[in-house]
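Secondary and tertiary structure notes
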Amino acid sequence: MADMEILVEHLTKLNELNDKNIKKRIKHFGPVLDAIVKSLNISVSKELESLMVTNKSVEIARSPMIHLDGFTFLPQLWSHEDNLRPFILHSGGRKTVSMVYGIPTVRRQNKNYLIQTLINIVKNMNQNEKEDSLIVVMIGEIDREYTQQVTTEIKNQLPEAVNSGLVDIIAPTPEYYPDFGKLRLTLGDSKIRVSWRSKQNLDYAFLMMYCQPKGSFYVQIEDDVITKPQFHTIMKNTALQRIANGQEWFILDFGELGFIGKMFRCSDLSWLIQYLIMFYNDQPVDWLLDGFVETKACGYYKINCRQLKDNLWVKYNQTVFQHIGIWSSLPGKIQLSKASHFK
């Protein structure tokens, strides 16, 4: 029953997204169709008229005067929503899987762990798990030569995973990012660190936007981890069991550290995407995640706040991801932390 419930939720989300796409096309082509219809002396159908009126309202709501969505906080996209479309470097077209794994990766100065991570993830899935999954690698770089180089390396090192549709590879458009030189300096951090963590937040949001319609659950991992065998089944069964039991949750945490191994319903991602975009310049992602859950769970007086947060952010002793990277993507930073419950 839980499996069916989450499938229905996913299909509903897909229908909503398709409806938005249809309305967007009518917004662009509606005036042309209207002109053609008028020239032929034919009346427009009531349904098309209704959609065209609806989309005029949307157009007004998104005028430069006032913005009611995440674009408010990314003004470079106000008139250029197409800059949210990723460069799809490879895709097998999967979009109805149970689990979507999002892996952002950027150029590192000392050592890159991406291929090692991907090989380990694929090795620790059985065939059924592979067919029920999508791994999305987002190369958070705007250097097209570099993104093609990484894409080629993935294809060469994991040809079966790529050719079967298990792995998608995407990259953002250069116009997606703001001018990082104009960011506010926050938390007493240097300009380099503020730019690094702000870009990281926007990378997570971009990756989630791409992954949201692809599956039922989304798992955020990093490009420098290893996994337990059958981690996919462990995580999926845990989520389905909680749904079957009617237990509330927003995050199922299988990773302990940072933003590794955090599992969400794809239908819940819209809230988090908006939040990350709103506050991308203010805090690192793990702080934002904690603040988001506290805001969602706790009342004004913060009574029983810890317990209320724990009900939404469920942390499991059964850690299925281990951090292996030493050299951070932030130049000069060394990361030695390890998950203590990983066996």
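Note that the structure is predicted; figures quoted are calculated from it, not measured. (Residues numbered from 1 in each chain as written. Predicted model: local features only at pLDDT ≥ 70, side-chain atom pairs only at ≥ 80, totals over all residues. Heavy atoms only, no water.)

Points about the state of the cysteines
- By the definition in use, this model includes one disulfide.
- Here Cys 211 is not disulfide-linked; the sulfur of Cys 266 is the nearest cysteine sulfur, at 7.6 Å.
- Residue classification places Cys 266 among the buried positions, given a relative accessible area of 2%. (Disulfide = S-S within 2.5 Å. Buried < 20%, exposed > 50% of the residue type's maximum accessible area, 1.4 Å probe, protein only.)

Regarding the packing of helix H10 (residues 285–297) against helix H11 (residues 305–312)
- Between H10 and H11, whose axes approach to 9 Å, the crossing angle comes to 110 degrees. The orientation of H10 relative to H11 falls into the category roughly perpendicular. Facing Asp 290, Val 293, Glu 294, Lys 296 and Ala 297 of H10, the residues of H11 in contact are Cys 305, Leu 308, Lys 309 and Leu 312.
- Of the residues that constitute the contact of H10 with H11, the class distribution is five nonpolar, no polar and four charged. (Axes fitted to C-alpha atoms, helices over the stretch in contact; angles between N-to-C directions. Helix = DSSP H or I, 4+ residues; strand = E, 2+ residues; numbered from the N terminus. Parallel < 35°, antiparallel > 145°, perpendicular 65-115°, else oblique. Contact = heavy atoms within 4.5 Å. Nonpolar A, V, L, I, M, F, W, Y, C, P; charged D, E, K, R; others polar.)

Concerning the pattern of salt bridges
- Under the definition given, this model contains 12 salt bridges.
- Note that Asp 203 and Lys 199 form a salt bridge whose closest N and O atoms lie 2.7 Å from each other. With a gap of four residues between them, Asp 203 and Lys 199 both fall in helix H7 (residues 191–211), about one helical turn apart.
- Counted as one network, the salt bridges with shared partners bring together Arg 108, Asp 223 and Asp 224. (Salt bridge = Lys/Arg side-chain N within 4 Å of Asp/Glu carboxyl O.)

Some remarks on the environment of Gln 212
- By the secondary structure assignment, Gln 212 is in the loop between H7 and strand S5 (215–220).
- Between the C-alpha atoms of Gln 212 and Asp 268, which are 56 residues apart in sequence, the distance is 8.9 Å.

Description of the sheet that holds strand S2 (residues 97–105)
- The strand order across the open sheet formed by eight strands is S1-S4-S3-S2-S5-S8-S7-S9, and the pairing between neighbours is mixed. Strands with a single pairing partner mark the edges of an open sheet, and in this sheet they are strand S1 (87–90) and strand S9 (313–315). Neighbour-to-neighbour, the strand axes of this sheet turn through a mean angle of 25 degrees, independent of strand direction.
- Bridge count between strand S7 (residues 251–253) and strand S8 (residues 262–265): two bridges; the pairing is antiparallel. Bridged to Asp 253 within S8 is Lys 262.
- Across the sheet, H7 touches S1, S2, strand S3 (133–139), strand S4 (167–171) and S5, and the angle it forms with S5 is around 160 degrees.
- Of the strands in this sheet, S7 and S9 are in contact with H11, which crosses S9 at around 80 degrees. (Pairing = 2+ DSSP bridges.)

Thoughts on unusual backbone geometry
- Although it is not a glycine, Lys 302 adopts a positive phi angle of roughly 55 degrees.
- With respect to the secondary-structure elements, Lys 302 resides in the loop between H10 and H11.

Some details on the pairing of S5
- By the criterion of burial, S5 is predominantly enclosed, with six of the six residues buried.
- Of the strand pairs in this sheet, S2 and S5 are connected by five bridges, and their pairing is parallel. Across the sheet, Val 100 pairs through a bridge with Tyr 218, a residue of S5.
- Summarising the sheet, S5 and S8 pair through four bridges and their orientation is antiparallel. Looking at S8, one finds that Phe 217 is bridged to Arg 265.

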